[in-house]
Amino acid sequence: MDIINKSVSVKQLLLDPNNFRLDYQITEEEITEDKFIDSQEETLLKLEDENIEEIRQSILDNGFIEIDRIVVKKSSLSNNNLPYYIVVEGNRRTAALKTIYDEYSKGKTDVSPELEDQFEAINVCLINSDDDEKVLTLSASLMGIRHVSGPKKWKGVQAAKLINRLKEYGKNFQEIGNLLGIDKDDAERRYEGFLAFCQMKNDPIFGDKCNYNHYALLLEFIPNKNSKRWLRWDGVKFNNEVNRKVLYTHLTKEQGKKRPEINNTTEARNFNRYLAISEYSAQLETGKVLMSELPDLPKDNASKISYLTKFHSFLQKLEQEVIQEEELNTLLIEISETLNIKLNQEGE
């Protein structure tokens with residue numbers, strides 16, 4: 001069987017320092033397994049920043065409830081012939097349990113007899129395979145159910161990193177989508193977004209300013225036909241170095257400014273709309289003009305329709321004595337209706 005039930009002690013559980021949740025730099029190098037034991041304290045500190053105090057208190061009050069099992073995989077490491085197991089799913093719960101155990105063993109915390117017994121016999125789900133690809137596939141499926149398409153979602157770029165890992169193992173986007181509970185196109189879009197993010201993260205000038213929020217913003221420039229052409233996106237990277245630098249300048253905060261030019265997805269979409277207008281696109285390309293310095297964008301059809309709808313409603317509510325000329329009132333209503341129909345047709 002690929003997944004079996006197993007009873008282990010809290011001392012046999014190794015927190016995963018490569019946990020996607022903890023990769024704050026996103027592209028940082030992975031820690032090799034032989035260094036996992038030395039990395040436990042640092043990993044625990046990172047997990048404490050992930051708000052495990054609530055979990056700790058729940059364990060102290062109610063015991064360690066095993067309905068939602070910790071999932072582990074085999075480790076090549078051991079201690080006095082006692083094998084270690086690497087936590088795949090449930091690192092926060094494991095961290096909370098370990099801190100309680102540490103305080104208990106030092107006489108700093110009292111625990112119930114039931115919890116004391118659980119320290120030596122925690123029921124976990126073991127991915128019972130020595131095949132790295134199978135372990136990754138099963139792990140990804142479990143993580144996807146919870147953190148990609150499920151209730152406890154990771155930040156977008158963390159989920160994208162998992163997709164990238166699966167792609168490195170030769171999985172196609174249909175297989176990745178099936179594993180993670182998303183559709184094929186979404187898997188491909190997130191993967192391309194991760195590549196664009198890594199390109200920015202590795203940029204010698206802008207890399208230090210790149211953070212995980214930039215992933216969602218960069219996603220706005222990959223499917224858009226105007227930005228794709230302007231940046232020369234080939235499915236792997238932006239090939240127009242001049243325009244890429246312009247984009248990165250807009251995405252990062254310059255000295256003396258409180259915020260970047262593009263700070264949210266609405267502003268990213270506005271940037272794409274400016275690129276659709278050749279005059280503005282040419283000005284942005286010089287690198288001497290910022291988006292905020294360009295004239296306001298023309299209203300889109302949705303905004304015009306909303307405005308006309310309100311205007312039309314206003315006209316219909318006017319009392320007769322306000323507009324004495326009945327013909328003028330009728331004409332205004334006809335113009336409003338005609339424009340509304342025209343704009344709706346263009347928007348279809």
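Conventions used here
- Residues numbered from 1 in each chain as written.
- Predicted model: local features only at pLDDT ≥ 70, side-chain atom pairs only at ≥ 80, totals over all residues.
- Heavy atoms only, no water.
- Helix = DSSP H or I, 4+ residues; strand = E, 2+ residues; numbered from the N terminus.
- Buried < 20%, exposed > 50% of the residue type's maximum accessible area, 1.4 Å probe, protein only.
- Axes fitted to C-alpha atoms, helices over the stretch in contact; angles between N-to-C directions.
- Parallel < 35°, antiparallel > 145°, perpendicular 65-115°, else oblique.
- Contact = heavy atoms within 4.5 Å.
- Nonpolar A, V, L, I, M, F, W, Y, C, P; charged D, E, K, R; others polar.
- Polar contact = N/O pair within 3.5 Å; in protein donor to acceptor, adjacent residues only side chain to side chain.
- Core = buried A, V, L, I, M, F, W, Y, C linked by side-chain atoms within 4.5 Å.

Participant: Can you tell me about the overall build of the chain, naming the residues and giving the values?
Facilitator: When you go through the chain residue by residue, the secondary structure sums to 15 helices and 5 strands. Buried residues in the chain amount to 46% of all 348 residues.

Participant: A description of the packing of helix 6 (residues 156–168) against helix 8 (residues 184–201) should follow, citing residues and the corresponding values.
Facilitator: At a minimum axis distance of 8 Å, the contact between helix 6 and helix 8 shows a crossing angle of 100°. The angle between helix 6 and helix 8 places the two elements in the roughly perpendicular class. From helix 6, Val157, Ala159, Ala160, Lys161, Ile163, Asn164 and Lys167 reach across to helix 8, where they touch Ala187, Arg190, Tyr191, Phe194, Leu195 and Phe197. Here the contact of helix 6 with helix 8 is composed, by residue class, of 9 nonpolar, 1 polar and 3 charged.

Participant: An account of unusual backbone geometry is requested, with residue identities and associated values reported.
Facilitator: One non-glycine residue with positive phi stands out, namely Asn80, at about 55°. Inspection of the secondary structure assignment puts Asn80 in the loop between strand 3 (70–79) and strand 4 (82–89).

Participant: Run through the side chain of Gln12, naming residues and quoting values.
Facilitator: One can find Gln12 in the loop between strand 1 (3–8) and strand 2 (13–14). A relative accessible area of 8% places Gln12 in the buried class. One polar contact links the side chain of Gln12 to the main-chain carbonyl oxygen of Pro83, over a distance of 2.9 Å. In contact with Gln12, not counting residues within four places along its chain, are Leu82, Pro83, Tyr84 and Tyr85.

Participant: Now, about the nonpolar core: what can you tell me, with residues and values included?
Facilitator: Among the nonpolar cores identified, the biggest contains 51 residues, and Leu180, Phe221, Phe238, Leu251, Ile262 and Phe271 are the most heavily contacted of them. It is helix 8 that contributes the most residues to this core, 8 residues altogether. Those residues in contact with Ile262, other than ones at most four positions away along the chain, are Leu217, Phe221, Leu247, His250, Leu251, Glu267, Ala268, Phe271 and Met291. Residues Ile52, Val72, Val87 and Ile100 belong to the second largest nonpolar core, which totals 25 residues.

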